[in-house]
Structure formats: structure tokens, C-alpha cells
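# Observations on the three-dimensional arrangement
Listed below, chain by chain, are the residues.
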Amino acid sequence: MGVRTHVVAERRELVELLGELTDEQWRTPSLCGRWTVRDVAVHLSLDAVPLPRYALGLLRRPNPIAYNDHYVASQQDVTTDELVAVLADSAETSWITRYWPRLGLADHLVHQQDIRRPLGLPRTIDPERLRLVLERPDPFALPWRYTRGLRFVATDMDWRRGSGPEVRGPGEALALASVGRVAALDDLDGDGVETLRRRVAG
């Protein structure tokens, strides 16, 4: 299965999940900063915006975090049904799927977990898909800030990376911790966990 196929599959799984949420679940705080579940879903719909419009918006707000926050705020009148429809309709045609599938996969996988964990809705992630994300986390999350000088070892699949004090745990938790998700740290152990915890907290 190619990377683009994995991106589409990940998005389809997200759409299925979102289509079943209650109003209360949509309002639940996610693992992604101050964003709610709905805000995370809005963020992931950004790649349905025509690429020239996205690029123009980024020129006006060169800080990606500020631009993402602006976009999320601008979509508050969009209903959740409309949001799910946009995500579904653009799953195969979005520009991130076409041009930057590895980035899209990393973004979608982590953000789906940002939604699922607070809602208590775990899932089994395709091992090949998870491996792709572990090998190349979202660079915009600056993963080197957290992972440098540490050895990450998955306990539920054959994957390891880096050198130094060891951080062991499920691949999903490693993927989240490598981009700064505090909630994943309790699922990890090893001599490097406290170093990782300090970095994520800082």
C-alpha cells in the first residue's frame, strides 16, 4: 500500500469517527493545545481549500500556528455535518494528499489520536501506516526538540530509532510523544522517559 493510499484510508477512518460523534464529544478538549475536537477537525479540512488560496493566506500570516488558528476561528459557522462532508469529499483530491502525502499522513494520524484519546475511543492502527509516521514525524512539530539523543523502541512492533537512553512503549504512544503530546508519556518507560518528559513540559 502506497503512502497516498494510507493518507486516504486514514482520512476515511477519521470521517467515519467524526460522523458518529455527539454534540458534547465535538466540544471536548483535544490533546492539541487549546483546540477542541471540532477545532482539530476544522484544521484537517484546511487542505480542502484551493492551494493558491492557502498559499496566499500563509503569505499574509507567515507563522503556521497563527495561520492555523485564524483558519479555525474563521470556520465557526460551519456545521459539523458540513465539516464531515468536506473532509469526506476531499479525501482523495486534497493538495496535501497529492503533493505532500508523508506530511499529510503524519498530520492526520497524530490528530486523529488527539481526538480519540480524550474521548476514550482507542483503535488499532495499521502497522505499516504507523511505521511511516514513526520514521518521518511531522517536521512542523519540530520533533528533534524531543527525540534528540534518545533511543525510541516500539514494544508492539519491530521498530527502533536513535541512540542514547531508551524510551520504550507502543508505537502509537511513541508517535505522539515524538511531537510533544504529554498524554502519551504515561504509556512509556525506560531511562530516557524523564528527559523526554522535561522536554515536552518545557
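Our subject is the structure that appears above.
The rules we used
- Within each chain, residues carry numbers counting from 1 in the order of the written sequence.
- Owing to the predicted nature of the model, reporting of local features is limited to residues with pLDDT of at least 70; listing and counting of side-chain atom pairs is limited to 80 or more, with chain, interface and lining totals taken over all residues.
- To obtain the side-chain values, all non-hydrogen atoms of the structure were used and water was disregarded.
- What counts as a helix is a DSSP run of H or I of at least four residues, what counts as a strand is a run of E of at least two, and both are numbered from the N terminus.
- Here the globule rule is a power law, 2.2 Å times the number of residues to the power 0.38, and the radius of gyration is based on C-alpha atoms.
- Only protein chains enter the accessibility calculation, which uses a 1.4 Å probe; a residue whose area is less than 20% of its type maximum is buried, one above 50% is exposed, and one in between is partly exposed.
- Contact criterion: two residues are considered in contact whenever any of their non-hydrogen atoms come within 4.5 Å of each other.
- Per-residue accessibility takes into account occlusion by the displayed protein chains alone, with areas from the Shrake-Rupley method and a 1.4 Å probe.
- For this count, His and the chain ends are skipped, Lys and Arg are scored as positive, and Asp and Glu as negative.
- In plain terms, the charge of a residue is placed at NZ if it is Lys, CZ if Arg, CG if Asp and CD if Glu.
- Think of a salt bridge as a Lys or Arg side-chain nitrogen and an Asp or Glu carboxyl oxygen that are within 4 Å of each other.
- Expected helix span is computed as 1.5 Å times (number of residues minus one).
- Definition of nonpolar core: a set of buried residues of the types Ala, Val, Leu, Ile, Met, Phe, Trp, Tyr and Cys, connected through side-chain atoms within 4.5 Å.
- Here the rule is simple: two strands pair whenever DSSP picks up at least two bridges between them.
- Side-chain atoms alone can form a polar contact between residues adjacent in sequence; in general such a contact is a pair of N or O atoms within 3.5 Å, and within protein one must be able to donate a hydrogen while the other accepts it.

### Here's the deal with the overall build of the chain
Within the chain, the secondary structure is distributed over 12 helices and three strands. Computed over C-alpha atoms, the radius of gyration of the chain comes to 17 Å, within 12% of the 17 Å expected from 2.2 N^0.38 for 202 residues, which places it in the range of a compact globule. For the chain, the spread of C-alpha atoms along the three principal axes comes to 45 × 35 × 35 Å. Counting every position in the chain, which comprises 202 residues, the buried fraction comes to 48%. Of all intrachain contacts in the chain linking residues separated by at least 6 positions in sequence, the fraction that spans at least 24 positions is 64%. For the chain, the accessible area works out to roughly 10,200 Å², and carbon and sulfur atoms hold 52% of it. If the 27 positive side-chain charges of the chain are averaged to one point and the 29 negative ones to another, these points end up 7 Å apart.

### Structural notes on the pattern of salt bridges
In a structure, side chains of opposite charge can pair up when their charged atoms sit close to one another. Under the counting rule described, the total for this entry stands at 15 salt bridges. The closest approach of N and O atoms between glutamate 13 and arginine 129, which form a salt bridge, is 3.1 Å. Of this pair, glutamate 13 sits in helix H1 (residues 3-18) while arginine 129 sits in helix H9 (residues 127-135), and the two are 116 residues apart along the sequence. Overall, glutamate 13 belongs to the partly exposed group, its relative accessible area being 26%.

### Some thoughts on helix H8 (residues 101-119)
An α-helix turns once per 3.6 residues; consequently, residues spaced three or four apart project the same way. Between the first and last C-alpha of H8 there are 27 Å, a value that for 19 residues agrees with the 27 Å anticipated at 1.5 Å per step. Judged by how many residues are buried, H8 sits mostly within the fold: 15 of 19 residues are covered. In the segment just after H8, glycine 120 is the residue with positive phi, at about 65°.

### Points about the side chain of glutamine 113
Its location among the elements puts glutamine 113 in helix H8. Judged by its relative accessible area of 3%, glutamine 113 is buried. Those residues in contact with glutamine 113 that lie beyond four places of it in its chain are Leu31, Pro118, Arg123, Ile125, Glu172 and Leu176.

### Overview of the nonpolar core
Counting 30 residues, the largest nonpolar core has Val167, Leu174, Leu188 and Leu196 as the members making the most contacts within it. Of all elements in the fold, only H8, H9, strand E1 (151-154), helix H11 (171-177) and helix H12 (193-201) reach the threshold of two or more residues within this core. No other element matches the five residues that H11 contributes to this core. Sequence-distant contacts of valine 167, defined by excluding residues within four places in its chain, comprise Leu150, Arg151, Phe152, Val153, Leu174, Leu188, Asp189, Gly192, Val193 and Leu196. By size, the runner-up hydrophobic cluster in this structure holds 26 residues, among which are Leu17, Leu18, Cys32 and Val40.

### Comments concerning the pairing of E1
In the sheet, E1 pairs with strand E3 (residues 166-169) via four bridges, with the strands oriented parallel. Bridge pairing in E3 places alanine 154 opposite glycine 169. Of the strand pairs in this sheet, E1 and strand E2 (residues 160-161) are connected by two bridges, and their pairing is antiparallel. What sits directly across from phenylalanine 152, in E2, is arginine 161.

### With respect to the side chain of arginine 123
Within the secondary structure layout, arginine 123 lies in the loop between H8 and H9. Polar contacts involving the side chain of arginine 123 include one to the side chain of glutamate 10, which spans 2.5 Å. A distance of 2.8 Å separates the side chain of arginine 123 from the side chain of glutamate 13, its partner in a polar contact. Arginine 123 has contacts with Glu10, Glu13, Leu109, Gln112, Gln113, Arg116 and Arg129, leaving out every residue within four places of it along the chain.

In short, the description is geometric, and any link to function would need to be established separately.
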